[in-house]
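Overview (structure and organization)
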Amino acid sequence: MCGIFAVSGEKNGKAGEAVLKGLKKLEYRGYDSWGIATQEAEKIVVIKEVGKISKATPNFSSSECAIGHSRWATHGKVTSENSHPHFYKTVTLVHNGIFENYEKEKQRLIKKGHIFTSETDTEVIAHLIYEELQKNNTPKDAVRNVANIITGRFALLVLIDGNSQIIAIRRGSPLIIGRTQNTSYIASDIPAFLEYTNIVNYIDDDEMAIVEKGEVEYFDVVSGKSILKRDIEVSWKDEVLDKGDYDHFMIKEIFDQKSSLASAINHSDEEINNFIEKLQKGNGVYMVSCGTAHKASMSAEYYFSQIAKRKINVVPASEMPAFEHFINEKTVLFAVSQSGETADILEVLEQGKKKGATIISITNVESSAIAKISDNHLPLRAGKEKAVASTKATTSQMALLLLLAYADSKRLNEGRQILQNLAANVNEMINPRYEDHIKEVAKKLSDIKNIFIIGRNSLYPMALESAIKIMEVSYIHAQGFAAGEMKHGPIALIEEGTVCIVLGGDMETISNATELKSRGARIIGVAPERDKIFDDWLKVPESSCAQSIVSILPVQILAYYLAIERGLDPDMPRNLAKSVTVK
Ligand code: M6R
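Because the structure is predicted, anything quoted here is derived from the model rather than measured.

Moving on to the overall build of the protein chain. Scanning the protein chain from terminus to terminus reveals 17 helices and 25 strands. At 25 Å, the protein chain has a C-alpha radius of gyration in line with the 25 Å of a compact globule built from 583 residues. Sequence separation of 24 or more characterises 70% of the internal contacts of the protein chain that already satisfy a separation of 6 or more.

Pasting the structure below:
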């Protein structure tokens, strides 16, 4: 949620240009407005605008140091006033996260005569830092003191007039430093600076960095003492973000599933068994996740029930407070997340940790906060997922979860074999002909208003996931139901031509679909065999217990082409951002 990026020590005076370029690579984190502050000879100059940074062409004066931000609005509408950087007198800053208790501080400052020009929580931080500087604190201590006032997760980059430093501080939101001999880069994510360096230092929670003319010093926020950081060399290949020949990241990432499923299950027996050992020690397992990862988790509830005869409590992370009283030192909290930085999940894990719960997780980002807080973690190895709509990470989550269910029932090899066959089938299934067929189906549907999706067993969560995929990129209203539930109410909505996607070709599901067909529904079947009631058929291979994994694939492609047919950008849908780092 929001991308932040800074450069210090840009000897050619092109810091503004470098920040603009870096922020374009972080645009998936937020894209409703943007802003950049350059530190010029006499003053700090701020440029900010509403709209996507990828379309921006600002001019900068010469500067060696700059900070910037690409926004996903939390507090206040999408306006230039509310976009970052925010400033007050000598303090200019960009912020990723939420200052939860800002209103109280804002009211206190208003009483003292402070005037605010935006509706944001961020602007209050600039005022607070200024207040601390007025007490003769050093810039470093002023920022540390304000960090102690803030509740909530944040990453901040601060510039102060007359000082050539960038002060970077983090609690909960990602912040990574990339270093070359003369220049340092500070970013929410590595791709922003990867063209300059792959040597990185991760700033951890309650740590800060002071960067001056390209040199970096690290400090502990609580003690203020200097700390040393290890240089880590990241793999260029893993972080490369290139659409290649594809028009969008979403369709590229859908095609990446030709190989990503095989990578997801490519963990050693020892790694899988160690993970399962932790899960088995629990007296009560809660699987916590959000959005699409939650739908993958719901499928896993079926896998563990049917394969390992284990009950997993699957709860959307934001709903966990209602079940918090069940959490104790015997509980296992099992987090499932693509980004590994979703705030709702982190909140649950942090509370659980305090109560002594064991934390295990699967994420696609190995250096993420969720991976770090976990007692055991398995990476998805799906490769970078950049489109806002999750596709390859979802099927990797399901494949790994299915493998874990087999390991839990001491049939790891059997699970591996099933998933290896699945990976091979998917590799064959996704091809340009298949894509063209789905594109044709999308053309016929592009102006409809509603789509219903039904599925049974582990295909029920995929009906819910299908609805998310269609809604988030095509803005068509879509709703998923358990196949047997339609007749208990929603069937009232079916009329001549209502589009219903039917996941699965089993007798009971076909019988439910026939009830819809009898009332005029237009049926798109996603199944291994064509049934006579299907108006259109999206073929998927017969995959037994892994049917949920293959069945979501054609719907991902359909959602993509519905967006294209409707002239939308599937990579950056309105109102969304790739990772949700606020509660
Ligand atoms: O990074 P995470 O997997 O924790 O993200 C969870 C959701 O925010 C995410 O799946 C969201 O629902 C996607 N936009 C769905 O495509």
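Let's pick the thread back up.
We now examine the site of the ligand. Close contacts around the ligand come from 14 residues, with Ser337, Gln338, Ser339, Thr342 and Glu472 the closest. Serine 337 is positioned such that a nitrogen or oxygen atom in its side chain is 2.6 Å from an oxygen atom of the ligand. Of all the secondary structure elements, the ones that give two or more residues to the shell around the ligand are helix H9 (291-308) and helix H15 (459-474). The biggest single contributor to the shell around the ligand is H9, with three residues.

We now examine the domain arrangement of the protein chain. In terms of domains, the protein chain is made up of domain 1 (3-239), domain 2 (243-429) and domain 3 (431-571). Using only C-alpha atoms to locate each centre, domain 1 and domain 2 end up separated by 32 Å. Opposite the 14 residues of domain 1 that make contact, domain 2 presents eleven residues. The tally of links from domain 1 across to domain 2 stands at five salt bridges. Note that arginine 153 and glutamate 350 form a salt bridge whose closest N and O atoms lie 3.1 Å from each other. Across the contact surface, domain 1 and domain 2 share five residue pairs in polar contact (both at pLDDT 80 or more). Residues that form the side of domain 1 that touches domain 2 fall into these classes: five nonpolar, one polar and eight charged.

This next bit is on the packing of aromatic side chains. Evaluated as defined, the whole model comprises nine aromatic pairs. Judged by centre distance (5.3 Å) and plane angle (65°), the rings of phenylalanine 275 and phenylalanine 334 are edge-to-face. Of this pair, phenylalanine 275 sits in helix H8 (residues 269-281) while phenylalanine 334 is found in strand S18 (residues 332-337), placing the two residues 59 residues apart along the sequence. Each of the two residues, phenylalanine 275 as well as phenylalanine 334, counts as buried. On the numbers, 6.3 Å between centres and 35° between planes, the contact of phenylalanine 452 with phenylalanine 481 is tilted. Taken together, the residues span a long stretch of sequence, with phenylalanine 452 in strand S21 (residues 450-455) and phenylalanine 481 in strand S22 (residues 477-482) at a distance of 29 residues. Residue phenylalanine 452 shares its accessibility class with phenylalanine 481, and that shared class is buried. Every member of this aromatic cluster is reached through a ring pair, and the members are Phe5, Tyr185, Phe193 and Tyr196. Here lysine 106 stacks its cationic end above the ring of phenylalanine 116, 5.2 Å away from the centre of that ring. We note arginine 574 situated over the ring of tyrosine 475; from NZ or CZ to the ring centre the distance is 3.8 Å.

Rules used throughout
Residues numbered from 1 in each chain as written. Predicted model: local features only at pLDDT ≥ 70, side-chain atom pairs only at ≥ 80, totals over all residues. Heavy atoms only, no water. Helix = DSSP H or I, 4+ residues; strand = E, 2+ residues; numbered from the N terminus. Rg over C-alpha atoms; globule rule 2.2 N^0.38 Å. Contact = heavy atoms within 4.5 Å. Near = heavy atom within 4 Å. Polar contact = N/O pair within 3.5 Å; in protein donor to acceptor, adjacent residues only side chain to side chain. Domains from an automatic or database assignment. Salt bridge = Lys/Arg side-chain N within 4 Å of Asp/Glu carboxyl O. Nonpolar A, V, L, I, M, F, W, Y, C, P; charged D, E, K, R; others polar. Phe/Tyr/Trp six-rings, centres within 6.5 Å; stacked < 30°, edge-to-face > 60°. Buried < 20%, exposed > 50% of the residue type's maximum accessible area, 1.4 Å probe, protein only. Lys NZ or Arg CZ within 6 Å of the ring centre and 35° of its normal.

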